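Observations on the model geometry
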Amino acid sequence: MSVSVLVVDDSAMARKMLIRALPADWDISITQASNGVEALSRYRQGGVDVIFLDLTMPEMDGYQVLEALRREDLNCLVIVVSADIQEAAQARVRAMGAIAFIKKPVDPVRIQAVLKEYGLLL
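Definitions and limits used
Residues numbered from 1 in each chain as written. Predicted model: local features only at pLDDT ≥ 70, side-chain atom pairs only at ≥ 80, totals over all residues. Heavy atoms only, no water. Helix = DSSP H or I, 4+ residues; strand = E, 2+ residues; numbered from the N terminus. Buried < 20%, exposed > 50% of the residue type's maximum accessible area, 1.4 Å probe, protein only. Polar contact = N/O pair within 3.5 Å; in protein donor to acceptor, adjacent residues only side chain to side chain. Contact = heavy atoms within 4.5 Å.

By the element assignment, Ser4 lies in strand β1 (residues 3-8). Given a relative accessible area of 14%, Ser4 falls into the buried group. Within the local environment of Ser4, its side chain forms a polar contact with the backbone oxygen of Gly47, the two atoms lying 2.8 Å apart. With sequence-adjacent residues up to four places away left out, Ser4 is seen in contact with Ser29, Gly47, Val48, Asp49 and Val50.

Position of Arg44 relative to the elements: it lies in helix α2 (residues 36-44). For Arg44, a relative accessible area of 46% gives the class partly exposed. A sequence separation of 53 residues divides Arg44 from Gly97, and the C-alpha atoms of the two residues are 17 Å apart. A polar side-chain atom of Arg44 sits 2.4 Å from a polar atom in the side chain of Glu72.

Shown next as structure tokens:
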């Protein structure tokens, strides 16, 4: 069964690097967004299972996206991918519903471990 993935980052290069770090044999369909407003719009269209979410973006940051997902009771797995590796930031996003925090630059082994932990990858 294919998993629908939304990659959200204001940097096209960061999105490309994250997509390349995803497991090659993972059955997925990928969409992209360059900010939080776009991400929520794409999510509300339906069918998103996993969001890889940057924190620092224009228009609407990752924290605001997490808050909107929680407020609207929208259900998907969110993995935060950020260069902000402060413990406070990691604790905050987990409290807001993110299942994991992966630091940039992304490590394919770390991504695979998170995906396996949540049953998204065999």
